[in-house]
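Understanding the architecture of this molecule
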Amino acid sequence: MPRPSLDVVKVTVTINKKDLFEAQLTAAKRKVKPEIVMNKSAFIRYLIENYKSGVFK
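Throughout what follows, the structure given in this document is the object of discussion. Just so we're clear, the structure is a prediction, and the values are computed from it rather than from any experiment.

Before going further, it helps to examine the nonpolar core. In terms of nonpolar packing, the biggest core is built from 7 residues, these being Leu20, Ala27, Val32, Ile36, Val37, Phe43 and Tyr46. Broken down by secondary-structure element, the contributors of at least two residues to this core are helix H1 (17-29), helix H2 (34-37) and helix H3 (40-53). Those residues in contact with Val37 that lie beyond four places of it in its chain are Gln24, Ala27, Ala28, Val32 and Phe43.

Here the focus is the pattern of salt bridges. If the charged atoms of two oppositely charged side chains come close together, the side chains can form a pair. Tallying each qualifying case throughout the model produces 2 salt bridges. Here Glu22 and Lys18 are joined by a salt bridge, their closest N and O atoms 3.6 Å apart. Linking Glu22 with Lys18, this pair stays in helix H1, spanning 4 residues, or about one helical turn. By relative accessible area, which is 38% here, Glu22 ends up partly exposed. What makes Lys18 exposed here is its relative accessible area of 55%.

The next point concerns unusual backbone geometry. One non-glycine residue, Lys31, lies in positive phi territory at about 70°. Here Lys31 is to be found in the loop between H1 and H2.

This brings us to a nonpolar patch on the surface. A surface patch of nonpolar side chains, amounting to about 380 Å² of accessible area, comprises Val9, Val11, Val13 and Ile15. When you line up the elements, Ile15 lands in the segment before H1.

Looking at the element boundaries, Gln24 is found in helix H1. Non-local contacts of Gln24, meaning those with residues more than four positions away in its chain, are made with Val37, Met38, Lys40 and Phe43.

Rules used throughout
- Residues numbered from 1 in each chain as written.
- Predicted model: local features only at pLDDT ≥ 70, side-chain atom pairs only at ≥ 80, totals over all residues.
- Heavy atoms only, no water.
- Core = buried A, V, L, I, M, F, W, Y, C linked by side-chain atoms within 4.5 Å.
- Buried < 20%, exposed > 50% of the residue type's maximum accessible area, 1.4 Å probe, protein only.
- Helix = DSSP H or I, 4+ residues; strand = E, 2+ residues; numbered from the N terminus.
- Contact = heavy atoms within 4.5 Å.
- Salt bridge = Lys/Arg side-chain N within 4 Å of Asp/Glu carboxyl O.
- Patch = residues over 30% accessible without salt bridge, like charges linked within 9 Å, V, L, I, M, F, W, Y side chains within 5 Å.
- Areas by Shrake-Rupley, 256 points an atom, 1.4 Å probe, with all protein chains shown as cover.

Listed below in structure tokens is the structure:
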């Protein structure tokens, strides 16, 4: 998933380590690419993109 070049906002997010790990583990089990699952920023962008497109509805 390429990073957008326009209208980018930098944010700081505080997430419980265990919750993040469990979400990443679930994504890995669902065959999300390892380079996305193992990178926290890429993983958050992946979640946002999929919710935005309605994949997780």
